[in-house]
Amino acid sequence: MADTCGQVLLGSGLTVLSHPLMYIKVLIQVGHEPLPPTLGRNLFGRQVYQLPGLFAYAKHIIKIDGKAGLFKGLVPRLGASTIGTVVHSKVVQVGLDIPSVLGGQQKALEGSLQHVVNETTKEMIARSCATIVTHPFHVITLRCMVQFIGRETKYSGVFDSIVTVYREEGILGFFAGLIPRLLGDVLSLWICNLLAHLINTYAIDDSMSHTGEIKNCSQAVTGFFASMLTYPFVLVSNLMAVNNCGLAGGLAPYASVYPTWVDCWRHLSREGNMSRGNSLFFRKLPAGKMYAVDQKRFF
C-alpha cells in the first residue's frame, strides 16, 4: 500500500510538471499553428524557415490565457494518472503465473528469453487494464485542451464533461481512440523489452565493468526507439479522441472527420503527417503546404 501511495505521489508530481509540454504537443498534433513560420537556424547553423517551438508556443498560450492556461485538462489527467497507477499496481500484485497458464512449464530462468516473454506479458496485461480503465479521463483531458482552438467551454469540468460525452455519444464516446492507443502501448512494450534482451544477451559481455548500468542504459535507449516507432499510434489515438466531438478542432473545415481510426491513419499517411507533433524543437515546415493565417493551420 505504501509503495502504491508513493507511486501515486511521484506520478502526480511528474504529471503536473509535464502537463504544459503535453498540452502544446496535443495542439500541434491536431494541426493548430497559431504563429506563422519564422526564419531561424537548423542544427547545422543554416538559415531556414521553421515553425515556432515549445517556448514560443507556450508564450503564445500565456499571452491569451495566462500561466494557468498551460494547465488546461490537468484535473482529469491527474485522475487518470492516479487511477491508472492503482489499477496497474493491483493487477501486478495479483501475480499472474504466466508459465502455468501456458501449460505448466517450469519457471523460466531470470535473463532468459522465456523469462522476458513472461514478464512482458504480465506488464502488458497490467498496462492494458490501466489504459482501458483510465481512457475516459484521457478523452476528457484531450478535449479540454483542444477547446483552446475554438475558445469553447463545452468541457469545463470532469463531471460536466462525463455528462456531455454520455449524452452526445453514449458509452462508446468515452473510448474514442482506445484501439490505436492500446496497440501502440503493446507494440512499444514488446519492441523495447525484446530489443533490450537481444542487446543485453549478444552485445554486452557480463565480464565488462558497470554491466548493470550499461544494461539500464540499453533499456532506456530501446524504450526511446520503441516510442519513436509507435508514435503514429499515439497521434491517431489522440486525433480520434477529439474527432467529430463538437469542438472546432475536431470538425470540418478545420479538421477532417474520420469514420474509423484506420481512415485517420490512411489520411495522415497520404499527407505525410504521421510524425506531426513528434518534435517540439527545430520544427520543419510541412512540404508542399500553405499556411492559412485566418485558420492558423497548414493546408
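- For the protein, an unreviewed UniProt entry supplies the name Mitochondrial carrier homolog 2 and the organism Dicentrarchus labrax.
- UniProt, in its Sequence similarities (unreviewed entry) section for the protein, records the words "Belongs to the mitochondrial carrier (TC 2.A.29) family."

### Digging into the overall build of the protein
- Within the protein, the regular secondary structure consists of 10 helices and five strands.
- Restricting the contact set of the protein to residue pairs at least 6 apart, pairs at least 24 apart contribute 73%.
- For the protein, the accessible area works out to roughly 16,400 Å², and carbon and sulfur atoms hold 65% of it.

### A few points about the packing of helix α3 (residues 74-94) against helix α5 (residues 113-150)
- The contact between α3 and α5 brings their axes to 8 Å, and the two run at 165°. Considered as vectors, α3 and α5 are oriented roughly antiparallel to each other. Read as a crossing pair, α3 and α5 show a hand that is right-handed. Together, Pro76, Arg77, Ala80, Ile83, Gly84, Val87, His88, Val91 and Val92 of α3 and Glu123, Ile125, Ala126, Arg127, Cys129, Ala130, Val133, Thr134, Phe137, Ile140 and Thr141 of α5 make up the contact between the two elements.
- Here the residues of the contact of α3 with α5 are counted per class, giving 13 nonpolar, four polar and three charged.

### Regarding the nonpolar core
- If you look at the biggest cluster of nonpolar residues, it comprises 39 residues, and the most contacted ones within it are Ile24, Leu27, Ile61, Cys264 and Leu268.
- Residue contributions to this core peak at eight residues, all from α5.
- Those residues in contact with isoleucine 24 that sit more than four places away from it in its chain are Leu54, Tyr57, Ala58, Ile61 and Leu280.

### With respect to the pattern of salt bridges
- On inspection of all chains with the given rule, the structure shows seven salt bridges.
- Salt-bridge contacts for glutamate 33 lead to arginine 283; the nearest nitrogen and oxygen are separated by 2.3 Å. In this pair, glutamate 33 is assigned in the loop between α1 (2-29) and β1 (38-41) and arginine 283 in strand β3 (residues 283-284), connecting sequence segments 250 residues apart. Of the two residues, glutamate 33 and arginine 283, neither departs from the other in class, the shared state being buried.
- Residue aspartate 65 pairs with arginine 151 through a salt bridge whose shortest N-O separation is 2.5 Å. Separated by 86 residues along the polypeptide, aspartate 65 in helix α2 (residues 54-65) and arginine 151 in the loop between α5 and α6 (158-169) bring together distant segments of the chain.
- Taken together, the shared-partner salt bridges connect Asp65, Lys72 and Arg151 into one network.

### Side note on the packing of aromatic side chains
- Summed over the entire model, instances satisfying the criterion amount to four aromatic pairs.
- Relative to tryptophan 265, the ring of phenylalanine 233 lies with its centre 4.8 Å away and its plane at 55°, an arrangement referred to as tilted. One end of the pair, phenylalanine 233, is in helix α9 (residues 231-242); the other, tryptophan 265, is in helix α10 (residues 261-271), with 32 residues separating them in the sequence.
- Overall, phenylalanine 233 belongs to the buried group, its relative accessible area being 14%.

### What about the side chain of threonine 164?
- Within the secondary structure, threonine 164 is located in helix α6.
- The exposure class assigned to threonine 164 is buried, which follows from its relative accessible area of 7%.
- For threonine 164, the side chain forms a polar contact with the main-chain oxygen of aspartate 160, separated by 2.9 Å.
- Ignoring any residue separated from it by four or fewer positions in sequence, one finds threonine 164 in contact with Lys154 and Tyr155.

### Notes on the pairing of strand β2 (residues 47-51)
- The sheet contact formed by β1 and β2 spans four bridges and is antiparallel. Bridging across to β2, glycine 40 finds its partner in valine 48.
- As defined by bridge partners, β2 adjoins β3 across two bridges and the pair is classed as antiparallel. Note that in β3 the partner of glutamine 50 across the bridge is lysine 284.

### Here's the deal with unusual backbone geometry
- A positive phi angle, close to 60°, is found at arginine 151, a residue other than glycine.
- For asparagine 244, which is not glycine, the phi torsion reads 55° and is therefore positive.
- Looking at the secondary structure, you find asparagine 244 in the loop between α9 and α10.

What counts as what
Residues numbered from 1 in each chain as written. Predicted model: local features only at pLDDT ≥ 70, side-chain atom pairs only at ≥ 80, totals over all residues. Heavy atoms only, no water. UniProt positions renumbered as here; feature names shortened; annotations may be inferred. Helix = DSSP H or I, 4+ residues; strand = E, 2+ residues; numbered from the N terminus. Contact = heavy atoms within 4.5 Å. Areas by Shrake-Rupley, 256 points an atom, 1.4 Å probe, with all protein chains shown as cover. Axes fitted to C-alpha atoms, helices over the stretch in contact; angles between N-to-C directions. Parallel < 35°, antiparallel > 145°, perpendicular 65-115°, else oblique. Left-handed = near helix turned anticlockwise from the far one by under 90°. Nonpolar A, V, L, I, M, F, W, Y, C, P; charged D, E, K, R; others polar. Core = buried A, V, L, I, M, F, W, Y, C linked by side-chain atoms within 4.5 Å. Buried < 20%, exposed > 50% of the residue type's maximum accessible area, 1.4 Å probe, protein only. Salt bridge = Lys/Arg side-chain N within 4 Å of Asp/Glu carboxyl O. Phe/Tyr/Trp six-rings, centres within 6.5 Å; stacked < 30°, edge-to-face > 60°. Polar contact = N/O pair within 3.5 Å; in protein donor to acceptor, adjacent residues only side chain to side chain. Pairing = 2+ DSSP bridges.

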